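Inside the fold
Residues per chain, in single letters:
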Amino acid sequence: MSEVLFESERLAFRELSPDDAAALYRLNADPEVIRYTGDPPFSSEEEARTFVLGYDRYRKHGYGRWGVVNRLDDDFLGWCGLNNIDGEVDLGYRFFRSAWGQGFATEAARACIEYGFGTLGLSRIIARALPENIASWKVLEKVGMRFTGFGSCKGLEGAKIYEILRD
Ligand SMILES: CC(C)(COP(=O)(O)OP(=O)(O)OC[C@H]1O[C@@H](n2cnc3c(N)ncnc32)[C@H](O)[C@@H]1OP(=O)(O)O)[C@@H](O)C(=O)NCCC(=O)NCCS
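Let me begin by describing the structure that accompanies this report. Every chain is numbered independently, its residues counted from 1 as its sequence is written. Thresholds applied to this predicted model are a pLDDT of at least 70 for local features of residues and 80 or more for the giving and counting of side-chain atom pairs; totals over whole chains, interfaces and linings are not thresholded and use all residues. To obtain the side-chain values, all non-hydrogen atoms of the structure were used and water was disregarded.

This brings us to the site of the ligand. Whether a residue is near a molecule or strand is decided by its heavy atoms; if any one of them lies within 4 Å of it, the residue is near. In the vicinity of the ligand lie 21 residues, with Phe-95, Gly-101, Thr-106, Asn-133 and Lys-142 positioned nearest. The contact in question runs from an oxygen atom of the ligand to an N or O atom on the backbone of Ala-105, over 3.1 Å. Accessible surface area values rest on a Shrake-Rupley calculation with a 1.4 Å probe, where residue burial reflects the displayed protein chains alone. In the complex, the protein chains occlude 70% of the 960 Å² of accessible area that the ligand would expose alone. The definitions used throughout rest on a 1 Å grid laid over the protein atoms alone, on which a cavity is an enclosed set of points accommodating a 1.4 Å probe that cannot get out and a pocket is an open set flanked by protein within 12 Å on both sides along at least five of seven lines; lining residues are those having an atom within 4 Å of a point. Each molecule is assigned to a cavity or pocket provided more than half of its atoms lie within 2 Å of the corresponding grid points. A molecule is said to occupy a pocket when more than half its atoms come within 2 Å of that pocket's grid points, and by this definition the ligand occupies the largest pocket. Polar contact is defined as a pair of N or O atoms within 3.5 Å, subject to the rule that within protein one atom must be able to donate a hydrogen and the other to accept it, and that residues adjacent in sequence are counted only when both atoms are side-chain atoms.

Here it is, written out as structure tokens:
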């Protein structure tokens, strides 16, 4: 298991590792979880493991989607983090359904933005969410991101686009 990179009040953030493959497989196996994401489920735990082994974002950009664990019991709740998409820094998150509705995504998004602006020195972060994915864009608004218009997200049209600037 990789070391903790940063923490928030209830959560700890660390790089995804092959140890997380089973959890990532289970996460994406829930149709409610991937409903608005444009992602298919992994076909097996092995496929999830191969994905993590090939995940080069941390080395390439210095950031990526981070595993999020509960600081109380180290329970893997899901992931949240930053992704470089065509030169833009995109915030994203995905949590097990059992963890929804407790403010974890809002807390995690806030922590990742702070880490991005503070530690990583980024100047702008964007995010996208389909209008039907109300919980997701509520999170973006709660962390102070500004709606800028509509665009596409992983081939899904009509996504709400948000941004936040460091200054
Ligand atoms: C989106 C997601 C990360 C939100 O996680 P979460 O931990 O439940 O989010 P939070 O508790 O921090 O905040 C959700 C907010 O949306 C609100 N909300 C959720 N569903 C809602 C609905 N149908 N109508 C109105 N508000 C809603 C909640 O009340 C909460 O706001 P509040 O704190 O002001 O009450 C979670 O649902 C998830 O993992 N979804 C699947 C993956 C996904 O869709 N990721 C985003 C892709 S763009």
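That was the structure; now back to the text.
Moving on: helix 1 (residues 21-28). At 3.6 residues per turn, the α-helix brings residues three or four places apart onto the same side. Turning to helix 1, its buried residues number three or more, namely Ala-21, Ala-23, Leu-24, Leu-27 and Asn-28. Down the axis of helix 1, the sector holding all buried residues measures 160 degrees, keeping them to one side. Relative accessible area decides the class of each residue, using a 1.4 Å probe on protein chains only: under 20% of the type maximum gives buried, over 50% gives exposed, and in between gives partly exposed. Numbering of helices and strands runs from the N terminus; a helix is a DSSP stretch of H or I covering at least four residues, while a strand is a stretch of E covering at least two. Directions from the helix axis toward the C-beta atoms define the arc.

This part covers the packing of aromatic side chains. The aromatic pairing rule takes the rings of Phe, Tyr and Trp, using the six-membered ring of Trp, and pairs them if the centres are within 6.5 Å, calling planes under 30 degrees apart stacked, those over 60 edge-to-face and the rest tilted. Following the criterion strictly, the structure yields nine aromatic pairs and no others. Relative to Tyr-115, the ring of Phe-6 lies with its centre 4.1 Å away and its plane at 15 degrees, an arrangement referred to as stacked. Of this pair, Phe-6 sits in strand 1 (residues 4-7) while Tyr-115 sits in helix 5 (residues 104-117), and the two are 109 residues apart along the sequence. One aromatic cluster is present, formed by Phe-6, Phe-13, Trp-66 and Tyr-115 through successive ring pairs. A cation over an aromatic ring shows up here: Lys-160 above the ring of Trp-137, its NZ or CZ 3.7 Å from the ring centre. The ring of Phe-147 has Lys-160 lying over it, and the distance from NZ or CZ to the ring centre is 5.2 Å. Lysine and arginine charges are scored as sitting over a ring when NZ or CZ, respectively, is within 6 Å of the ring centre and within 35 degrees of the ring normal.

This is a description of form; function is not addressed.
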